[in-house]
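Take a look at the letters that make up each chain.
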Amino acid sequence: MFVFAQDRLEKVEYFLDSISQESFNGNVLYSRNDSVLLKGSYGYSDFENQTLLNERSLFDLASVSKQFTAVAIIQLIEQGKLDYSTKAAEILKDLPYDQITIEHLLRHQSGLKDYMALLNRKWDKKNIATNEDIVIAFAKYHPKLKFEPGSAYEYSNSGYALLASIVEAVSKEKFEDYLKKNILEPSGMSDSRIIRIKYKPTETANLATSYSFSKKEKKYVDVYANPKNEDFTWLNGVVGDGMIYSTILDLEKWKYALRSNLVISEKSKANMFSVDEVSTNYGYGIRCADNKLYGRMIYHTGTWAGYNNIMIYFPNTNEFYAILTNNSTKELEIVINNVLSLSH
C-alpha cells in the first residue's frame, strides 16, 4: 500500500514539475491524517527578480477567506453576543434592511446587491473603499433586494463584508486584530494575516506578488501595477470577503484547528459544515458536497487580482489539499484533478 501511494506521489510531483514549466505558478500541499505527504513550490513569487516561491510564501486567499469570517461570527455566537437569528440591522444601525439575519448573511441568502457593482457606479475611485463605506452606500442608495431574505441562494461578497463589520461592532476590535487574537494565533497560523497592499502598504516578507500575462509585453506583469486593474486598487480596503493572506503550511494548521475544535466547538463546526434546503451546497463560509469518489467534501475556491486558489478537506478520511497560485492561471482545474488522484 505504501509503495503504491509513493508511486502516485511521484507521478503527481512529475506532473506539477512539468506544468510549472508552462503556465502553473504556485504552491501545493496534500496531507493525510495530519501528515504532510506532498509539499511543493513551483515558480516565482517575484517574476521580475526571479525570486522563487517557498513553503512560507503568502498568497491572497481571496474568497477562501470567508470561512475565517464565518468562524469569527460563530465564536461571537458561542459567547452569547450574537445569534444566528440576530438581525444585521440591529448591529449595523444604518443598514436599511431589517429582515436580513446573520444566518442569511452566512449562507448567501440575503438578497443584497453586490457592493462592487453598487460602488462601481457611485464611488470616487481616487479613494480606497472600506467596509464602512459599503454600509454607508447601502444606507444612502438603498438598492432593492434581489429577493426576500431566506428565500433564495445567491453568492454574495456583500454579505461577508457586512459580517466583518458586525464582528468589529460586537467585539469592539478591528477585524484584523480580532482575527489575529482569536483565530490565527490559536490555530498556530503565525505567517497569516490581513494584507491590504494599497490601503495599508507595508513591507511583507515572503509575499507572492500577483501577476497576469501581458500578450503585448509577452511577459507576466504585476496586477496591481497595471492601470487597467484600478478596481483591485480602490476595493483594496474591504475585508471579510477576502484579503487574508496565508501559506500552504498555515492552511494545514487551519484544517487541524477546525478538525480538533481549537477555535469553535464540535456542535458549531457541524452547523458550519451543514447545508439547508435553500443553500444546498453552502454552509457557513464553506462549500459542502458529497463526492462519489471521495465522500463528504468541504472546500472553497478563491480568485482575485491574479490569485487563484482552492482548499479541499475530506473529513471522513482526514485528507487535505491546498493549492495557491499567483499568476492568473487557467490551469487550476487540471491541477486539482491531477492532485486529487492521491485520494483514489
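Predicted model, so just to flag it, every value in this text is computed and none were measured.

Draft legend 1. Examining the overall build of the chain more closely. Check the secondary structure of the chain and you find 12 helices and 13 strands. Radius of gyration (C-alpha) of the chain: 20 Å, near the 20 Å computed for a compact globule of 344 residues. Counting only C-alpha atoms and orienting by the principal axes, one finds that the chain spans roughly 60 × 50 × 35 Å. Residue burial in the chain is summarised as follows: out of 344 residues, 56% are buried. Of all intrachain contacts in the chain linking residues separated by at least 6 positions in sequence, the fraction that spans at least 24 positions is 67%. Carbon and sulfur atoms form 48% of the exposed surface of the chain, whose accessible area is close to 15400 Å². Where the 40 positive side-chain charges of the chain centre and where its 43 negative ones centre are 3 Å apart.

Draft legend 2. Representation of the side chain of Thr-130 in the model. Looking at where Thr-130 falls in the secondary structure, it is placed in the loop between α5 (115-122) and α6 (131-141). With relative accessibility at 14%, the residue Thr-130 sits in the buried group. Beyond its immediate chain neighbours, meaning those up to four positions away, Thr-130 contacts Tyr-199, Gly-237 and Val-238.

Draft legend 3. Expanded view of helix α10 (residues 248-259). Between its first and last C-alpha, α10 extends 17 Å over 12 residues, near the 16 Å set by a 1.5 Å rise per residue. Of all the positions in α10, only Ile-248, Asp-250, Leu-251, Glu-252, Trp-254, Lys-255, Ala-257 and Leu-258 are classed as buried. With its phi angle positive at about 60°, Asn-261 sits one or two positions after the end of α10.

Cut-off values and rules
- Sequence order sets the numbering: in each chain, residues are counted from 1 along the sequence as written.
- Two thresholds apply to this predicted model, a pLDDT of at least 70 for residue-level local features and 80 or more for giving and counting side-chain atom pairs, whereas whole-chain, interface and lining totals are computed over all residues.
- To get the side-chain values, take all heavy atoms of the structure and skip hydrogens and water.
- A helix here means a DSSP run of H or I that spans at least four residues, while a strand means a run of E at least two residues long, and both kinds are numbered starting from the N terminus.
- It is over C-alpha atoms that the radius of gyration is taken, and the globule rule equals 2.2 Å times the number of residues to the power 0.38.
- With a 1.4 Å probe rolled over the protein chains alone, any residue whose accessible area is under 20% of its type maximum counts as buried; one over 50% counts as exposed, and the rest are partly exposed.
- Only heavy atoms matter for contacts: two residues are in contact if any of them lie within 4.5 Å across the pair.
- Surface accessibility follows the Shrake-Rupley procedure with a 1.4 Å probe radius. Residue values consider only the protein chains on display as shielding.
- We count Lys and Arg on the positive side and Asp and Glu on the negative side, and we leave His and both chain ends out.
- Here the site of a charge means NZ on Lys, CZ on Arg, CG on Asp, or CD on Glu.
- To estimate how far a helix should extend, the number of its residues minus one is multiplied by 1.5 Å.

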